[in-house]
Amino acid sequence: MSTPDFRTLARSLSRRLPRRPAMPEALRTRWEAFWTNLAPRERRLVAGAIAVVALACAYLLLWEPAATGRARLAKELPALREQAAQMTTLAREARTLASHMPPPQQGEAQRAALESSLASHGLKPVQLSIQGETVQLQLDGIAFGAWTDWLASVRDAQRLKVTEAQVRYVGAPAIVNVRAVLQAPSPAGR
């Protein structure tokens, strides 16, 4: 029994396998003419050169980036682990500090604390009303810098956050009218 030659085997396999996009006919004809005109030794040299180029491309595109990336990650990993440990420690400390904060002031104590804080920043409210955890405030003709400084201090001291604000420029440099609604944290959601 004779063994089938390579071309017969290739044709039978190509019929079974799905068709891939074919090489343009003109290019294939030129390649076949080039290949058949080569001597057997030249064919081996060209095939070897193609194999070397294919291996070089595989190395440069697949192996080398993975190897250098692995080395870079190996260098960076200890620093990243240290940062993660610091972040965990800081998060634990923040939770501890938050649990030890005094409850926010309410009612007349809150009003007195707000008026004292406004006065210490040179601000006199036109309107200051407190309803539950909501503080409504109106200030006219104040320096914008004094307003932002007061907001930072009241955020830290009384944990009030701005939920609504209207700031209007009134003509003089950095002088504004402010209407704001501030929200205190609820006693249950400290």
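Going by an unreviewed UniProt entry, the protein carries the name Type II secretion system protein M and comes from Imbroritus primus.

A.B. asks: Looking at this structure, how should I read the overall build of the protein?
C.D. replies: Looking only at helices and strands, the protein features 5 helices and 4 strands. Ordering the α and β elements of the protein from the N terminus gives α-α-α-α-β-β-α-β-β. Within the span of the protein, comprising 190 residues, buried residues form 16% of the whole. For the protein, the accessible area works out to roughly 14700 Å², and carbon and sulfur atoms hold 61% of it.

A.B. asks: I tried to follow unusual backbone geometry on my own but got confused; where do I start?
C.D. replies: Glycine aside, residues mostly have negative phi angles, and peptide bonds mostly take the trans form. Residues other than glycine seldom take positive phi values, yet Ala174 does so here, at roughly 60 degrees. With respect to the helices and strands, the residue Ala174 is situated in the loop between strand S3 (161–169) and strand S4 (175–183). Given the relative accessible area of 45%, Ala174 is considered partly exposed.

A.B. asks: Just checking my understanding: could you explain helix H5 (residues 144–158) for this structure?
C.D. replies: In an α-helix, one full turn covers 3.6 residues, which means residues spaced three or four apart are oriented alike. Taking 1.5 Å of rise per residue, 15 residues should cover 21 Å, and H5 covers 21 Å from first to last C-alpha, within 8% of that figure. Residues of H5 that are buried include every one of Ala146, Trp147, Trp150, Leu151, Val154 and Gln158, and no others. All buried residues of H5 lie within an arc of 135 degrees about the axis, which places them on one face of the element. Following H5 by one or two positions, Arg159 adopts a phi angle in the positive range, close to 55 degrees.

A.B. asks: When you look at the packing of aromatic side chains in this model, what are you seeing that I'm missing?
C.D. replies: Note on aromatic pairs: each is described by the distance of the centres and the angle between the planes. A full pass over the atoms with the stated rule returns 3 aromatic pairs. Each residue in the set Trp31, Phe34 and Trp35 is aromatic and connected to the rest through ring pairs, giving one cluster.

A.B. asks: Would you take a moment to explain the side chain of Gln138 for this structure?
C.D. replies: For Gln138, the location among the structural elements is in strand S2 (residues 134–143). The buried category is assigned to Gln138, whose relative accessible area is 12%. A polar atom in the side chain of Gln138 sits 3.4 Å from the side chain of Asp140.

A.B. asks: I'm lost on a nonpolar patch on the surface in this one. Help?
C.D. replies: A grouping of Tyr59, Leu60, Leu61, Leu62 and Trp63 is seen on the molecular surface, where their side chains present a nonpolar patch of about 650 Å² in accessible area. Mapped onto the secondary structure, Tyr59 falls in helix H3 (residues 40–99).

A.B. asks: Sorry, what's going on with the pattern of salt bridges here?
C.D. replies: Side-chain pairing between opposite charges can occur once the charged atoms of the two side chains come close. Applying the stated rule across the entire model yields 3 salt bridges. Across the pair Glu76 and Arg72 runs a salt bridge whose closest N-O atoms are separated by 3.6 Å. Placement of the pair is Glu76 and Arg72 together in helix H3, with a separation of 4 residues, close to one helical turn. Classification of Glu76 by relative accessible area gives partly exposed; the value is 34%.

Cut-off values and rules
Residues numbered from 1 in each chain as written. Predicted model: local features only at pLDDT ≥ 70, side-chain atom pairs only at ≥ 80, totals over all residues. Heavy atoms only, no water. Helix = DSSP H or I, 4+ residues; strand = E, 2+ residues; numbered from the N terminus. Buried < 20%, exposed > 50% of the residue type's maximum accessible area, 1.4 Å probe, protein only. Areas by Shrake-Rupley, 256 points an atom, 1.4 Å probe, with all protein chains shown as cover. Expected span 1.5 Å × (residues − 1). Arc of directions from axis to C-beta. Phe/Tyr/Trp six-rings, centres within 6.5 Å; stacked < 30°, edge-to-face > 60°. Polar contact = N/O pair within 3.5 Å; in protein donor to acceptor, adjacent residues only side chain to side chain. Patch = residues over 30% accessible without salt bridge, like charges linked within 9 Å, V, L, I, M, F, W, Y side chains within 5 Å. Salt bridge = Lys/Arg side-chain N within 4 Å of Asp/Glu carboxyl O.

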